[in-house]
Amino acid sequence: MSLAGKNILISGGSRGIGLAIALRAARDGANIALLAKTDTPHPKLEGTVHTAAAAIEEAGGRALPIVGDVRNDDDITEAVLKTQGEFDGIDIVINNASVIDLSPSLDLAAKKYDLMQDVNVRGTFMLSRAAAPILRESANPHILSLSPPLNITPRWLGAHTGYTLAKYGMTMATLGFAAEFAEAGIAANTLWPRTTIATAAVQFALGGDRMMRASRTPEIYADAAYEVLTKPSRDYTGQTLIVEDVLEAAGVTDFSRYAAVPGTPDSELFPDIFLD
């Protein structure tokens, strides 16, 4: 299977992992709608929804940039209807938009807690729910959320409780959709990497340049997502998947080409959170 002609709606996607997934699908000739807030250039972050759309077109896909906020129900409705109208359906929803703050509970601002809940959990739920009636009409519908497996050991539950709740909420919503829409044939899975990924979130919210150098590129996430989204939806659902496991199952044994700094041994890469 390929993603040629498939209609994809991504939350976020103006840069980083979301854009990498979009570009991988675009090389097949997919139609990709991006629901993102970044209408104008950010002083620190590269890319807008418009530059992302241009890159998708250049890679061989069709792009539909939609300026909007996944926290806003009207924006979600508009994005779903615009995608359906422009591409004549929706085959795939990717819940990529996410906010990160690893502050301990006593230091976490209430507004930041609410923001993580609104974007990560509510956004995933509302966007997936809004698209579900249209996904039912697809021959191979998928929901994919970029969130971790539910590791409820004290190490992770207590590390950054506010962020943990938000990311696990994404996973719970996705697993709930897998069960609720199983008879409709809508697959719903999550995907998470074993190592950190070289994105703006890693650079500015986690470990700076040092961690960026010890990470893998977003392309490893994109290649794993591609493998998931081309699987038969009725047979491949309700799973909390790991990027490297997905690629190994597809026959990839050498991950060296994904190192952010070429030549970095796997043993020197920084492990991502939530995985023991």
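Quick notes on the rules
Chains are numbered independently. Their residues run from 1 in the order of the written sequence. With pLDDT at 70 or above as the cut-off, local features in this predicted model cover only qualifying residues; side-chain atom pairs require 80 or more to be listed or tallied, and sums for whole chains, interfaces and linings still use all residues. The basis for the side-chain values is all heavy atoms of the structure; hydrogens and waters are excluded. Only protein chains enter the accessibility calculation, which uses a 1.4 Å probe; a residue whose area is less than 20% of its type maximum is buried, one above 50% is exposed, and one in between is partly exposed. For helices the rule is a DSSP run of H or I covering at least 4 residues; for strands it is a run of E covering at least 2, with both sets numbered from the N terminus onward. When DSSP finds at least two bridges between two strands, those strands are taken to pair. Crossovers are marked right-handed if the path from the first strand over the helix to the second runs clockwise, as seen with the strands pointing away from the viewer. The directions from the helix axis to the C-beta atoms form the arc being described. By definition, residues are in contact when any of their heavy atoms lie within 4.5 Å.

**Q** Mind showing me how you'd approach the pairing of strand 1 (residues 7-11) here?
**A** Regular strands have side chains that alternate between both faces of the sheet. Within strand 1, five of the five residues are buried, which leaves it mostly tucked inside the rest of the structure. With burial as the criterion, each face of strand 1 is covered, one bearing Asn-7, Leu-9 and Ser-11 and the other bearing Ile-8 and Ile-10. With five bridges connecting them, strand 1 and strand 2 (residues 31-36) associate as parallel partners. Residue Asn-7 lies in a different strand from strand 2, and its bridge partner there is Asn-31. Taken together, strand 1, helix 1 (residues 16-26) and strand 2 constitute a β-α-β crossover, and its handedness is right-handed. In the sheet, strand 1 pairs with strand 4 (residues 92-95) via three bridges, with the strands oriented parallel. The residue of strand 4 that forms the bridge with Ile-8 is Ile-92.

**Q** Sorry, what's going on with helix 2 (residues 49-59) here?
**A** Structurally, the α-helix is built with 3.6 residues per turn, so residues lying three or four positions apart point the same way. Of all the positions in helix 2, only Val-49, Ala-52, Ala-53 and Ile-56 are classed as buried. Relative to the axis of helix 2, the buried residues are bounded by an arc of 100° and lie together on one face. Residues of helix 2 that are buried in the fold lie against helix 1, strand 2 and strand 3 (62-67). A positive backbone phi angle near 115° is found at Gly-60, which sits one or two residues after helix 2.

**Q** Would you mind showing me how to read the environment of Leu-241 here?
**A** With respect to the helices and strands, Leu-241 occurs in strand 7 (residues 240-242). Exposure remark for Leu-241: the relative accessible area of 8% places this residue in the buried category. Expressed as a C-alpha distance, the spacing of Leu-241 and Ala-53, which sit 188 residues apart in the sequence, is 28 Å.

**Q** What is the right way to read unusual backbone geometry from this model?
**A** Across residues other than glycine, the phi torsion is negative in most instances, and most of the peptide bonds are trans. The residue Asp-88 is not glycine, and still its phi comes out positive at about 65°. With respect to the helices and strands, Asp-88 occurs in the loop between helix 3 (73-87) and strand 4. The exposure class assigned to Asp-88 is exposed, which follows from its relative accessible area of 71%. With a phi close to 80°, Phe-274 is a non-glycine residue in the positive phi region. By secondary structure assignment, the location of Phe-274 is in the segment after helix 10 (243-249).

Just distances and angles here, no functional claims.
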